[in-house]
Amino acid sequence: MTPDPGPPGRGLTPSERPTVPLTKEPGPSGHAGPEPDTMAQERGKGRRTHRPWSARRLPAALVAAVILVAAVAALADVVAVRAGRPSAAWRRHLTDALATRPVDDLWMVTGAAAAGAAGLWLIALALTPGLRHWLPLRSTADCPRLLASLNRDGAAGLLRDAALRVPGVGAARVRVRRHRVKARADVRFRDPRQVKDDLTAVLGEERDRLALAAPPRIVVRVRRRTG
């Protein structure tokens with residue numbers, strides 16, 4: 001889903017070219033493709049898609065590592081106690097500290113705050129999809145379960161190339177966010193107001209070609225550059 005980047009010399013570099021990851025939702029029967037009745041119901045219209053969910057591999061690995069270390073240490077100490085050996089010094093110290101320190105102690109408050117922050121972080125990870133750098137695309141009527149996403153840098157590169165094709169624009173900078181596209185252009189010639197109108201129209205057309213599920217709003221700022 002990469003339109004014509006424009007004339008030679010102004011194309012995207014390999015690192016700026018957009019990439020579109022594709023995934024397919026499993027059907028109700030467990031197969032990858034949609035059921036025939038579902039396709040019949042959604043034929044003739046695209047399905048609004050949402051941002052794909054991140055796998056959260058790093059947070060999951062960190063939590064699993066912490067739980068594994070704590071469980072192994074506790075299990076080893078319990079086995080040692082059952083074998084007739086005294087409990088480990090760290091467990092005796094921890095038990096005494098929890099039994100003797102008041103609730104308003106600095107270490108107790110700090111530990112509770114850290115545990116609460118970690119819990120809120122995990123809840124936020126569980127309830128949010130992540131992958132904020134990816135913009136979901138609309139599904140087609142032929143493949144309503146096929147999900148595709150476009151990264152923001154690739155979308156910004158395509159929009160920047162479109163902006164440079166507007167007569168009068170000498171340089172352009174485009175930043176793509178979830179709900180807004182901010183474009184700044186330097187005008188070398190022509191009336192800046194006319195250039196702004198043309199630039200807004202061209203960027204709107206290029207944005208529509210991207211087929212984003214939630215098209216962001218176009219915000220254009222121009223300035224006269226004579227030097």
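Residues numbered from 1 in each chain as written. Predicted model: local features only at pLDDT ≥ 70, side-chain atom pairs only at ≥ 80, totals over all residues. Heavy atoms only, no water.

1. Focus on a nonpolar patch on the surface
Here comes step 1: Side chains of Leu58, Leu62, Trp121 and Leu122 sit close together on the surface and give an oily, nonpolar patch of about 400 Å² of accessible area.
Here comes step 2: Elements with a minimum of two residues in the nonpolar patch: α2 (57-82) and α4 (106-127). (Patch = residues over 30% accessible without salt bridge, like charges linked within 9 Å, V, L, I, M, F, W, Y side chains within 5 Å. Areas by Shrake-Rupley, 256 points an atom, 1.4 Å probe, with all protein chains shown as cover. Salt bridge = Lys/Arg side-chain N within 4 Å of Asp/Glu carboxyl O. Helix = DSSP H or I, 4+ residues; strand = E, 2+ residues; numbered from the N terminus.)

2. Remarks on the sheet that holds strand β6 (residues 217-224)
Here comes step 1: Pairing in this open sheet of 3 strands is mixed, and the strands run β4-β5-β6 from one edge to the other. Taken across any chain shown, the strands that pair with only one partner, and hence form the sheet edges, are β4 (169-176) and β6. On average, adjacent strands in this sheet sit at an angle of 15 degrees to one another, irrespective of strand direction.
Here comes step 2: Where strand β5 (residues 180-187) and β6 come together, 8 bridges link them in parallel fashion. Across the sheet, residue valine 181 finds its bridge partner in β6, namely isoleucine 218. (Pairing = 2+ DSSP bridges. Axes fitted to C-alpha atoms, helices over the stretch in contact; angles between N-to-C directions.)

3. A few points about the nonpolar core
Here comes step 1: In this structure, Val169, Val174, Val176, Leu199 and Leu203 are the most contacted members of the largest nonpolar core, which totals 26 residues.
Here comes step 2: For this core, the secondary-structure elements that each account for two or more residues are β3 (146-151), α5 (152-164), β4, β5, α6 (192-209) and β6.
Here comes step 3: In terms of residue count, the dominant contributor to this core is α5 (6 residues). (Core = buried A, V, L, I, M, F, W, Y, C linked by side-chain atoms within 4.5 Å. Buried < 20%, exposed > 50% of the residue type's maximum accessible area, 1.4 Å probe, protein only.)

4. Here's the deal with a positive patch on the surface
Here comes step 1: Together, Arg175, Arg177, Arg180, Arg184, Lys196, Arg217 and Arg221 make up a region of like positive charge exposed at the surface.
Here comes step 2: Put simply, the parts of the chain that give the positive patch at least two residues each are β5 and β6.
Here comes step 3: When you line up the elements, arginine 221 lands in strand β6. (Lys, Arg positive; Asp, Glu negative; His and termini not counted. Charge placed at Lys NZ, Arg CZ, Asp CG, Glu CD.)

5. Some thoughts on the confidence of the model for the chain
Here comes step 1: Summary statistics for the chain give a mean pLDDT of 77 and a share of 76% for residues scoring 70 or more.
Here comes step 2: Here residues 1-12 is a poorly scored stretch, pLDDT under 50, and it has 26 contacts once near neighbours within four places are set aside; other chains count.
Here comes step 3: A low-confidence stretch, residues 22-46 (pLDDT under 50), is modelled with 39 contacts involving residues beyond four sequence positions or located in other chains. (pLDDT = per-residue confidence, 0-100. Contact = heavy atoms within 4.5 Å.)

6. Some details on unusual backbone geometry
Here comes step 1: In this structure, arginine 190 takes a positive phi of about 75 degrees despite not being glycine.
Here comes step 2: Here arginine 190 shows up in the loop between β5 and α6.
Here comes step 3: A relative accessible area of 27% places arginine 190 in the partly exposed class.
Here comes step 4: A positive phi angle, close to 60 degrees, is found at alanine 211, a residue other than glycine.
Here comes step 5: You can see alanine 211 is positioned in the loop between α6 and β6.

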